[in-house]
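Single-letter residue listing:
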Amino acid sequence: DNTLKHIYNYDIQGRIVNITTYKIVGTAAIDSAKTDYAYNSTGNIKQEEQYIMINGTWTRTIKHEYTYNTNGLVSEQLNYSSNQNENAWKYQTRSLYEYDTELNLIKEIYQYYLINAWFDSFTLSYTYNEDSQLQSVTKTIFDDFETDRQHHLHLHNSRRFSTNAVLPIQRWLV
């Protein structure tokens, strides 16, 4: 049986502070995974840490840190993996976000961390019509084998995208 149960815990402001996932085996609920959230002074998520249960101990796996611009939109997302041997977080990737005056996401720069420096992996550029409806997404890939390779994805969507709506598109394109 692959039944999972998720338990949500909230702070006094009604924000999720952690989600614990249990695997149900017979009548027992076994700790499986959890995610902890921390918020900044304006109520936006500033940090998300993910853990898995290994031999009865919560073991951290991934951490995300978010920075916001003056409009409350994500301007940077740092992604870390856990270095268990050193009990430290290690940079993996980051995304940088740019917006137009209508607060539409216009550019997303995805970078990876290697030997103490950030390197561009790819960018996503978004175009909109006069009604701020997303018209196209262009992916530019930077790597050692192919440079400035263009991929075009034309989307016809009548709704206006916020950062939260665009992020799933990013994951789908990668």
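A brief look at the structure comes next.

Calculation criteria
- Residues numbered from 1 in each chain as written.
- Predicted model: local features only at pLDDT ≥ 70, side-chain atom pairs only at ≥ 80, totals over all residues.
- Heavy atoms only, no water.
- Helix = DSSP H or I, 4+ residues; strand = E, 2+ residues; numbered from the N terminus.
- Buried < 20%, exposed > 50% of the residue type's maximum accessible area, 1.4 Å probe, protein only.
- Contact = heavy atoms within 4.5 Å.
- Core = buried A, V, L, I, M, F, W, Y, C linked by side-chain atoms within 4.5 Å.
- Salt bridge = Lys/Arg side-chain N within 4 Å of Asp/Glu carboxyl O.
- Polar contact = N/O pair within 3.5 Å; in protein donor to acceptor, adjacent residues only side chain to side chain.
- Patch = residues over 30% accessible without salt bridge, like charges linked within 9 Å, V, L, I, M, F, W, Y side chains within 5 Å.
- Areas by Shrake-Rupley, 256 points an atom, 1.4 Å probe, with all protein chains shown as cover.
- Phe/Tyr/Trp six-rings, centres within 6.5 Å; stacked < 30°, edge-to-face > 60°.

1. Focus on the overall build of the chain
The secondary structure content of the chain amounts to one helix and 11 strands. Starting at the N terminus, the α and β elements of the chain follow one another as β-β-β-β-β-β-β-β-β-β-β-α. Taking all 174 residues of the chain together, 35% fall into the buried category. Considering only intrachain contacts with a sequence separation of at least 6, the fraction spanning at least 24 residues in the chain is 18%.

2. With respect to the nonpolar core
Membership of the largest hydrophobic core comes to 13 residues, with the highest contact counts inside it found for Tyr99, Leu105 and Tyr126. Taken together, the elements giving at least two residues each to this core come down to strand E7 (88-99), strand E9 (117-128) and strand E10 (134-142).

3. Here we look at the pattern of salt bridges
Taken as a whole and assessed by the stated rule, the structure comprises four salt bridges. Arginine 15 is paired through a salt bridge with aspartate 11; the nearest N and O atoms lie 2.8 Å apart. The salt bridge partner of lysine 34 is aspartate 36, with a shortest N-O separation of 3.9 Å. On the basis of relative accessibility, which here comes to 18%, the residue lysine 34 falls in the buried class.

4. Let's talk about the side chain of glutamate 49
Positionally, glutamate 49 belongs in strand E4 (residues 45-54). Here the side chain of glutamate 49 touches tyrosine 51 through a polar contact of 2.6 Å, side chain to side chain. When sequence neighbours within four positions are dropped, the list of residues in contact with glutamate 49 reads Lys34, Thr35, Asp36, Ile62, Lys63 and Trp89.

5. Quick look at a nonpolar patch on the surface
Judged by side-chain polarity, Tyr112, Leu114, Ile115 and Phe119 come together as a nonpolar surface patch covering roughly 410 Å² of accessible area. Following the sequence through the fold, leucine 114 ends up in strand E8 (residues 105-114). On the accessibility criterion, leucine 114 (43% relative accessible area) is partly exposed.

6. Observations regarding unusual backbone geometry
One non-glycine residue, asparagine 55, adopts positive backbone phi at about 50 degrees. Mapped onto the elements of the fold, asparagine 55 is located in the loop between E4 and strand E5 (57-68). For asparagine 55, a relative accessible area of 78% corresponds to the exposed category.

7. Observations regarding the environment of tryptophan 89
By the secondary structure assignment, tryptophan 89 is in strand E7. Taking the C-alpha atoms as reference points, tryptophan 89 and threonine 61, 28 residues apart in sequence, are found 8.9 Å from one another. Once you skip the residues sitting within four places of it in the chain, tryptophan 89 turns out to touch Glu49, Arg60, Thr61, Ile62, Lys63, Tyr80, Ser81 and Ser82.

8. Focus: the packing of aromatic side chains
Applying the stated criterion across every chain yields a total of six aromatic pairs. Ring geometry for tyrosine 80 and tyrosine 91: centres 5.2 Å apart, planes at 25 degrees, overall stacked. Here tyrosine 80 is found in strand E6 (residues 74-83), whereas its partner tyrosine 91 is found in strand E7, with 11 residues between them in sequence. Given the relative accessible area of 10%, tyrosine 80 is considered buried. A connected cluster of aromatic rings, assembled from ring pairs, spans Tyr80, Tyr91, Tyr113 and Trp118.

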